[in-house]
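# Breakdown of the fold
If you want the building blocks of each chain, they are given just below.
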Amino acid sequence: MLAVLLLALGLPAAEPPEIAQIAEGVYARVVSPDGNAVANSGFVVLEHSVVVFDTHFTPEAGEELRTAIRAVTDRPVRYVVNSHGHTDHTHGNQAFPGAHLVGSDRARRDVIEVDLPAWERALASAESQLRALGAALPGSADERTRLRQQQQYRDTLSRLRILPPQVTFERGLAIREGGREIRLLYLGAGHTQGDVVLHLPGEKIVFAGDLFFNRAIPNVEDARVLEWGATVDALLALDADTFVPGHGAVGSREDVRAFRRYLHDLEELVRPAVERGDSLQQAVGTIEVPAAYAAWRFQNFFPANVQKMYIELKERSAAVPPEAEPPAKR
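Residues numbered from 1 in each chain as written. Predicted model: local features only at pLDDT ≥ 70, side-chain atom pairs only at ≥ 80, totals over all residues. Heavy atoms only, no water.

### So, the pairing of strand β4 (residues 50-53)
By the alternation rule, side chains of β4 split into V50 and V52 and V51 and F53, which are all buried. Bridging between strand β3 (residues 41-45) and β4 involves 4 bridges; their strand directions are antiparallel. The partner of F43 across the bridge, within β4, is V52. Here β4 runs beside strand β5 (residues 77-81); their pairing, made up of 4 bridges, is parallel. Along β5, the bridge assignment pairs V52 with V80. Each parallel crossover has a hand, and the one from β4 via helix α1 (residues 59-72) to β5 is right-handed. (Buried < 20%, exposed > 50% of the residue type's maximum accessible area, 1.4 Å probe, protein only. Helix = DSSP H or I, 4+ residues; strand = E, 2+ residues; numbered from the N terminus. Pairing = 2+ DSSP bridges. Right-handed = clockwise from strand over helix to strand, strands pointing away.)

### Some words on the side chain of S83
Relative to the helices and strands, S83 resides in the loop between β5 and α2 (87-90). With a relative accessible area of 0%, S83 lands in the buried category. At a separation of 2.9 Å, a polar atom in the side chain of S83 contacts the side chain of H84. With near-sequence residues (within four places) excluded, S83 lies in contact with F53, D54, H89, G194, D195, V196 and G209. (Polar contact = N/O pair within 3.5 Å; in protein donor to acceptor, adjacent residues only side chain to side chain. Contact = heavy atoms within 4.5 Å.)

### A closer look at the packing of helix α5 (residues 225-237) against helix α6 (residues 253-276)
Two elements in contact, α5 and α6, have axes separated by 10 Å at closest approach and are oriented at 160°. When the axis of α5 is compared with that of α6, the two are roughly antiparallel. At the point where α5 passes α6, the crossing takes the left-handed sense. Facing L226, W228, G229, A230, V232, D233, L235 and L236 of α5, the residues of α6 in contact are R253, V256, R257, F259, R260, L263 and E267. A breakdown of the residues in the contact of α5 with α6 according to their chemical character gives 9 nonpolar, 1 polar and 5 charged. (Axes fitted to C-alpha atoms, helices over the stretch in contact; angles between N-to-C directions. Parallel < 35°, antiparallel > 145°, perpendicular 65-115°, else oblique. Left-handed = near helix turned anticlockwise from the far one by under 90°. Nonpolar A, V, L, I, M, F, W, Y, C, P; charged D, E, K, R; others polar.)

### What about unusual backbone geometry?
With phi around 55°, K204 is a residue other than glycine that occupies positive phi space. By secondary structure assignment, the location of K204 is in the loop between β10 (196-200) and β11 (205-213). Owing to a relative accessible area of 34%, K204 belongs among the partly exposed residues under this scheme. The backbone of R215 sits at a positive phi, close to 55°, despite the residue not being glycine.

### Let's talk about the sheet that holds strand β9 (residues 180-186)
Pairing within the open sheet is mixed, and its 6 strands lie in the order β8-β9-β10-β11-β12-β13. Only two strands of the sheet have a single partner each, and these edge strands are β8 (172-177) and β13 (251-252). The pairing of strand β12 (residues 242-247) with β13 spans 2 bridges and is antiparallel. Counted as the bridge partner of F243 is G251 from β13. Against the sheet, α5 touches β10, β11 and β12, its axis set at about 165° to β11.

### Looking at empty space enclosed by the protein
All chains considered together, the criterion is met by 2 cavities of 30 Å³ or more. Counted as a void, the second largest cavity has a volume near 40 Å³. Taken together, N40, S41, G42, F53, D54, F207, G209, V244, P245 and G246 make up the lining of the second largest cavity. For the lining of the second largest cavity, the elements supplying multiple residues, two or more each, are β3, β11 and β12. Ranked by residue count, the leading element in the lining of the second largest cavity is β12, at 3 residues. (1 Å grid on protein atoms, 1.4 Å probe; cavity = no way out; pocket = protein on both sides within 12 Å on 5 of 7 lines; lining within 4 Å. Points joined across faces, edges and corners; volume = space filled by probe spheres on them.)

### A short note on the packing of helix α3 (residues 105-135) against helix α4 (residues 141-159)
In contact at an axis separation of 9 Å, α3 and α4 are set at 155° when each is read in the N-to-C sense. One way to sum up the angle between α3 and α4 is to call them roughly antiparallel. For the pair α3 and α4, the sense of crossing is left-handed. Of the residues in α4, those in contact with W119, A122, L123, A126, E127, Q129, L130, L133 and G134 of α3 are R146, L147, Q150, Q151, Y153, R154, L157 and S158. Its residues placed into classes, the contact of α3 with α4 shows 9 nonpolar, 5 polar and 3 charged.

See the structure below:
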């Protein structure tokens, strides 16, 4: 999971996010991973309200999203859906006070059990370091600069509110208003064990969150990579032509199929190393990104992809009992 400490780095807005209208009343906010938003978001304008899908990485990016929505409609945001519990999809939640926060049961647990304690530890550490720097004053110009930076760091963390989903579901949830239906679906484990998607069956659009990285190597820190492929198959089984990824440009069915092939190819690359008995270090050090994916973003994630696939394949092989030997002839 992305470290909460990155909040204090003062990430710039980078290139302006692209607000793409992909159907009547349906918008995707595609962002640069190098700015303060990190992950994509989207929103759907209903007859009387708005549904938001993911809220970016910082409260400031969440505010920018709210401003973008207001430029389109003055209808209130009634629902905020978190695709999963990672910080680049949830830390803008506080920009939407009064909205119902919606997500899977597992996403709520991830925010409460992982993100909240990480934020508490980071804030406590920032306070401790600030006290230590303050006790050393007066000091040099460099020490006073470090004190100001530490104060900014502490203040940034203090402004963050960790808000988990309050409305949760296990398999699915429907939102209907006017003539439009929104389906929230849990399709299986993948990027995390709690990813959900937003499906607009009437418009044949899916907001897929991080179940789909478009032309990008995925983050697998909390993934179940051997299950992810089947979950993407379930994603492709939905009646949809347009897929909004968590990272990358708005994609087509072929883009999702390309990501599915990547997961398949990753397994095919790593399995022989496991079967030969290569060590994890050997596998990570010798398996290279296939040429078909050499131009994808986030190349730095590939060694971790190999490592996670190796570990899961080893676990699976250990869980399969050896075939019983035939009884000896007498």
